[in-house]
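Coordinate inspection notes
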Amino acid sequence: TPHTFDARASASIPSAYELASMAPTLASRAHVRGKSIHVGRRMQVRAQRTQTAVEARKVAVLGAGGGIGQPLSLLLKMNSRIDDLALYDIGNIAGVAADLGHCNTPNAVTGYQGPENLAACLEGTEVVVIPAGVPRKPGMTRDDLFSINAGIVKGLVEACGKHCPKALITIISNPVNSTVPIAAETLKSMGVYDPKRVLGVTTLDIVRANTFVAEAKGLDVHDVDVPVVGGHAGITILPLLSQTTPTVEFTKEEIEKLTVRIQNAGTEVVEAKAGAGSATLSMAYAAARFTESCLRGLDGEEVYECAYVESAVTDLPYFSSKVKLGPAGAEEIFPIGKVTEYEAECLEKLKPELMGSIEKGIAFAKEN
């Protein structure tokens, strides 16, 4: 049935490594606009995987010099589905591009520094990944980031609307509950909005849920798939533990403890880093997984991930649930499905908070 998902089919980062290791060992090109570096030459990649033609594509990372952007760019450099990796930031991108350019994977790396080079970065891009913005610090909520990150996301999305209006735009910048509505309203005002192509990346919630459940139940994490719906902050994050694959029995106490831990996992990392940053490495891993899923979808494979999108699944205008990724983006959005009484209560509790974040994002986009 369409609601039975294979966790191994959804999570495909290992396959990216396999493809990279199969590629010829040669240097890729690294070039920085307005700077210098040139190593080797560009190579067009064509590959086969499970009898599906793999089209080499251009992917842009906006905010590639930051705490998420750098490890994310490294993981994407290892992905043989990417022919051209475009890295953008307002500064500190020359060194990142030079460093990644020495990795012997057969794709081009190009650094673009400053707003004057953003158009060139986005030209011809098929998937845009946006981790730009400031990270959380101890005591901050994702919503505290709004005043800074809202404007950053709006400006970058405006550039996408001008220079790559058909690209998939995947948004990591927090608060995702608000920045996705900001992106949508921005593109609507430009007349280029496609709801299937604007996706909030909530994959880290699924990655965490899978990890915590596997640890608690002694399972192989590669076999575990826990749908996580709602939003991407605090109580708006709702893991549907009753729908875990494989079927797992939980006590009431286990369900409540796991739910709270998954909801507060970001804070767990922020506090553990003691002011030195937020969840950058796990977020980069999750974003790389989601990016590959998008690329596999563009290549015609059936890929299922949770994503925060414009949705009619609930009475909220935006909601995260399982989607089918394909050549057009989020081509199908699946309903929440059967939930327990506890999950139904959590769903009702999250709605007012999520709606408030959505309305805040919409208002910002219309007023700025």
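This text follows the structure it describes.
So, how was this worked out
- Residues numbered from 1 in each chain as written.
- Predicted model: local features only at pLDDT ≥ 70, side-chain atom pairs only at ≥ 80, totals over all residues.
- Heavy atoms only, no water.
- 1 Å grid on protein atoms, 1.4 Å probe; cavity = no way out; pocket = protein on both sides within 12 Å on 5 of 7 lines; lining within 4 Å.
- Points joined across faces, edges and corners; volume = space filled by probe spheres on them.
- Helix = DSSP H or I, 4+ residues; strand = E, 2+ residues; numbered from the N terminus.
- Nonpolar A, V, L, I, M, F, W, Y, C, P; charged D, E, K, R; others polar.
- Buried < 20%, exposed > 50% of the residue type's maximum accessible area, 1.4 Å probe, protein only.
- Pairing = 2+ DSSP bridges.
- Right-handed = clockwise from strand over helix to strand, strands pointing away.
- Salt bridge = Lys/Arg side-chain N within 4 Å of Asp/Glu carboxyl O.
- Polar contact = N/O pair within 3.5 Å; in protein donor to acceptor, adjacent residues only side chain to side chain.
- Contact = heavy atoms within 4.5 Å.
- Core = buried A, V, L, I, M, F, W, Y, C linked by side-chain atoms within 4.5 Å.
- Phe/Tyr/Trp six-rings, centres within 6.5 Å; stacked < 30°, edge-to-face > 60°.
- Lys NZ or Arg CZ within 6 Å of the ring centre and 35° of its normal.

What follows concerns the layout of surface pockets. Empty space within the largest pocket amounts to approximately 620 Å³. Lining of the largest pocket is provided by 36 residues; of these, Pro 131, Ala 132, Gly 133, Val 134 and Pro 135 occupy positions nearest its centre. At the level of elements, strand 5 (82-89), helix 6 (146-163), helix 8 (203-217) and helix 10 (265-273) are the ones that each hand at least two residues to the lining of the largest pocket. Element by element, the count of residues in the lining of the largest pocket is highest for helix 6, at five residues. Tallied by class, the residues present in the lining of the largest pocket amount to 16 nonpolar, 16 polar and four charged.

For strand 6 (residues 108-113), a buried count of six out of six residues is recorded, marking the element as mostly surrounded by other parts of the structure. Of the two faces of strand 6, the one lined by Ala 108, Thr 110 and Tyr 112 and the one lined by Val 109, Gly 111 and Gln 113 are each fully buried. Alignment of strand 5 against strand 6, held across six bridges, turns out to be parallel. Counterpart to Asp 84 in the pairing with strand 6 is Ala 108. One crossover worth recording links strand 5 to the parallel strand 6 by way of helix 4 (residues 94-101), and it is right-handed.

So, on to the pattern of salt bridges. Here the structure, examined in full by the defined rule, presents 16 salt bridges. Through salt bridges that share partners, Arg 57, Arg 81, Glu 126, Arg 296, Asp 299 and Glu 301 make up one connected network.

Turning our eyes to something else, we now look at the side chain of Thr 291. Along the polypeptide, Thr 291 turns up in helix 11 (residues 281-298). In terms of polar contacts, Thr 291 uses its side chain to reach the backbone carbonyl oxygen of Ala 287, at 2.7 Å. Once you skip the residues sitting within four places of it in the chain, Thr 291 turns out to touch Val 59, Leu 76, Val 127 and Val 129.

By the criterion of burial, helix 4 is predominantly enclosed, with six of the eight residues buried. Looking at helix 4, one finds that the buried residues are Ala 94, Val 96, Ala 97, Ala 98, Leu 100 and Gly 101.

By the criterion of burial, helix 3 (residues 69-77) is predominantly enclosed, with seven of the nine residues buried. For helix 3, the set of buried residues is Gly 69, Pro 71, Leu 72, Ser 73, Leu 75, Leu 76 and Lys 77.

Of all hydrophobic cores here, the largest spans 41 residues; its most connected members are Leu 62, Leu 122, Val 128, Ile 130 and Phe 319. Counting residues per element, this core draws most heavily on helix 12 (residues 341-367), which supplies six residues. Setting aside chain neighbours within four positions, we find Ile 130 in contact with Leu 62, Leu 156, Val 157, Ile 169, Thr 170, Ile 171, Ile 172 and Ser 173. In this structure, Val 96, Val 127, Leu 295 and Ala 307 belong to the second largest nonpolar core, which totals 39 residues.

Right, let's get into the pairing of strand 12 (residues 303-310). Among the eight residues that make up strand 12, seven are buried, leaving the element largely enclosed by the rest of the structure. In terms of strand pairing, strand 12 meets strand 13 (residues 318-326) through eight bridges, oriented antiparallel. Note that in strand 13 the partner of Glu 310 across the bridge is Tyr 318.

With that settled, the discussion passes to the packing of aromatic side chains. Tallied over the entire structure, the rule returns three aromatic pairs. Look at Tyr 304 and Phe 334: their rings are 5.8 Å apart centre to centre, the planes differ by 45 degrees, and that puts the pair in the tilted class. Highlighted residues: Tyr 304 in strand 12 and Phe 334 in the loop between strand 14 (329-333) and helix 12, separated in sequence by 30 residues. There is no split in this pair, since Tyr 304 and Phe 334 are both buried. Against the face of Phe 212 rests Arg 261, its NZ or CZ located 3.7 Å from the ring centre. Here the guanidinium or amino end of Lys 360 rests over the ring plane of Phe 146, the centre of that ring lying 4.6 Å away.

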